[in-house]
Structure formats: structure tokens, C-alpha cells
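# Chain and residue survey
Here is what each chain is made of, one letter per residue.
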Amino acid sequence: MSTQKQNQQHQDQLAVTERTRHRRLREQGSTDVADLDAILRGGFVCHLGVVVDGATMVVPTVYGVDFDARTLYVHGSVASRSLVRAPAQTVCVTVTHIDGLVLARSVFEHGVNYRSAMVYGVPRAVTDGDELLHGLRVVTEQCAPGQWEYARQPSRKELAATSLLALPLTEASVKTASGPPEDGDGPDGELGLWAGVVPLRSYFDAPEPDPVLPAGIALPPHVAALGAGSSGS
């Protein structure tokens, strides 16, 4: 295999470490970078696990990913103890999508269809002004594409009150589960009980204007596009 092909293969696969090695339900694990990217693209809320004053904290916050730079940005305010302390230690950021409940014939075989990613690393606090603006744009666009250019951008005072962490996407674990219950071919299949999957779908509903919004201000197309899935399909 040529060096170029080896490098490409390396870039397409996640490195396996002691933290990311799949030890249980290995068939649900993936080392494909594309699978990691799809999970991260599909959301904008993560959970940041960090130790503060000797106690573990898991904090929900918004995130954005610069896929070209392979960097995950985690947003917060300078008052957030977890974000202020995080640059000094290894953290774990998780993103999970629930796709449905798997209701089997026996309680033991019940499960959840899901897609999840865990990203490990020592984050750095973003202090460079240009990167801070870039990272905030990445976070904003991940939540609502088009909103960064539409809304007023942060002032210097607002930037000073904002904390942003940058975490490289170099150590991550991916797991997914899908499909129907697995007890249909066993003895429980003869119980005469219903079994199957109850899908769970997430979507934005129709936008609701601010009650104090003056008349005549039109809904911007990029926001209307977010609510286009309000039918739930």
C-alpha cells in the first residue's frame, strides 16, 4: 500500500486508545471518522464531564465543530466553573441521539436505538480574538445555520464575558444501535406478545415570534427553513 493510501486510511479511521476501545457490544462500535462526524453534525447540545473541586460535574452546553480543523468548540460564560477549570484536565464530551425504544417480549431484551459519540482530550481556552469569533460563529451556525450573518455579532464586552473551549477530535469513541428486538427467534417469541420499535424523531416546530416583535418584520428564510420539519416527517 502506498504512503498516500496509508495516510488516507489513517485519516478515515479513529485511533483506538484505552479509553476508546470497545470492550462490550463491540459490534455496535465504529472507528469510522465519517460516523463520528455524522453524529456531531446531527446535534448542537453536548454534555461536558469535568472534575471541579474533587467532584465530577456533567454540564449540558452547546457546541459546534470545525470539521476542517478537526476541532470541537464548547461554549459557556466566564462564570462557569466547569469551563474555567476544564483546560487544566482531561474532559469527556458526549453527544447522543435517541432514535427509538426497542420493546421486546421480555424486559431483559428491551433496549434503545441510538447514536452516540464520546470525545476525550485536554481542551484549551480560546483567547485569540479572531479564533474566538470564529469559534462562536461555528457554534451559532451549528445551532441555526444563517443566524450569524443575520443577527448582531458580539461586542467586545460580550466577548469578554464569554468562554470557549477548543477540543481536538483526535480521541473519540462511537457507538450505535439500531433494529428490532432480538428475542423473536427464541422461546419468548411464542408468548404472543407485541414487540417492536417505537421510533423517536426530533424536529423543530413552526417558529414563534417574540411577543414584542414589531409588526412587519418578516420571518427570515433561514429560520423558516428550521421549522420546515414541523410536520414531524
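Structural notes, computed from the coordinates. This structure is a prediction, so every number in the text was calculated from the model and none was measured.

## A few points about helix α4 (residues 129-143)
Along its 15 residues, α4 runs 21 Å from first to last C-alpha, staying within 8% of the 21 Å computed at 1.5 Å per residue. Within α4, burial applies to E131, L132, G135, L136, V138, V139 and Q142. Looking straight down α4, one finds its buried side chains confined to an arc of 155 degrees; they lie on one side. At the N-terminal end of α4, a side-chain oxygen is found 3.1 Å from the backbone nitrogen of D130, two or three residues along, and the residue is D128.

## A look at the environment of T56
Mapped onto the fold, T56 is located in strand β3 (residues 55-66). If sequence neighbours within four positions are ignored, T56 has contacts with V50 and V51.

## Some points on the nonpolar core
Within the largest apolar cluster, 24 residues are counted, with the highest numbers of intra-cluster contacts made by L36, L40, V65, L72 and V93. Excluding its chain neighbours within four sequence positions, the residues that come into contact with L72 are L40, Y63, G64, V65, V93, L165, A166, L167 and L169. Formed by 10 residues, the second largest nonpolar core is a distinct cluster that contains Y73, L132, V138 and V139.

## Concerning unusual backbone geometry
In this structure, R70 takes a positive phi of about 50 degrees despite not being glycine. Structurally, R70 can be placed in the loop between β3 and β4 (71-77). In this structure R70 comes out as partly exposed when scored by relative accessible area, which is 25%.

## Regarding the environment of L14
Tracing the backbone through its elements, the reader meets L14 in the loop between α1 (3-12) and β1 (29-30). Under the relative-accessibility criterion, L14 is labelled buried at 9%. Those residues in contact with L14, other than ones at most four positions away along the chain, are S30, T31, D32, V33, L36, A172 and V174.

## Thoughts on the pattern of salt bridges
Opposite charge on two side chains permits pairing when their charged atoms draw close. For the coordinates displayed, the defined rule picks out 7 salt bridges. One salt bridge connects R19 with E171, and the closest N-O pair in it is separated by 2.9 Å. Residue R19 is found in the loop between α1 and β1, and its partner E171 is found in the loop between β8 (162-168) and β9 (172-177); the two are separated by 152 residues along the sequence. The exposure class of R19 is partly exposed, given its relative accessible area of 44%. Between R70 and D37 there is a salt bridge, and its shortest N-O distance comes to 2.9 Å. In this pair, R70 is assigned in the loop between β3 and β4 and D37 in helix α2 (residues 33-41), connecting sequence segments 33 residues apart. Take D37: its relative accessible area is 10%, and that puts it in the buried class.

## Quick word on α2
Those residues of α2 not exposed but buried are V33, L36, D37, I39 and L40. Seen end-on, α2 carries its buried residues on one side only, within an arc spanning 160 degrees. Residues of α2 that are exposed and point more than 90 degrees away from the buried face comprise A34 and R41.

Parameters and conventions
- Residues numbered from 1 in each chain as written.
- Predicted model: local features only at pLDDT ≥ 70, side-chain atom pairs only at ≥ 80, totals over all residues.
- Heavy atoms only, no water.
- Helix = DSSP H or I, 4+ residues; strand = E, 2+ residues; numbered from the N terminus.
- Expected span 1.5 Å × (residues − 1).
- Buried < 20%, exposed > 50% of the residue type's maximum accessible area, 1.4 Å probe, protein only.
- Arc of directions from axis to C-beta.
- Polar contact = N/O pair within 3.5 Å; in protein donor to acceptor, adjacent residues only side chain to side chain.
- Contact = heavy atoms within 4.5 Å.
- Core = buried A, V, L, I, M, F, W, Y, C linked by side-chain atoms within 4.5 Å.
- Salt bridge = Lys/Arg side-chain N within 4 Å of Asp/Glu carboxyl O.

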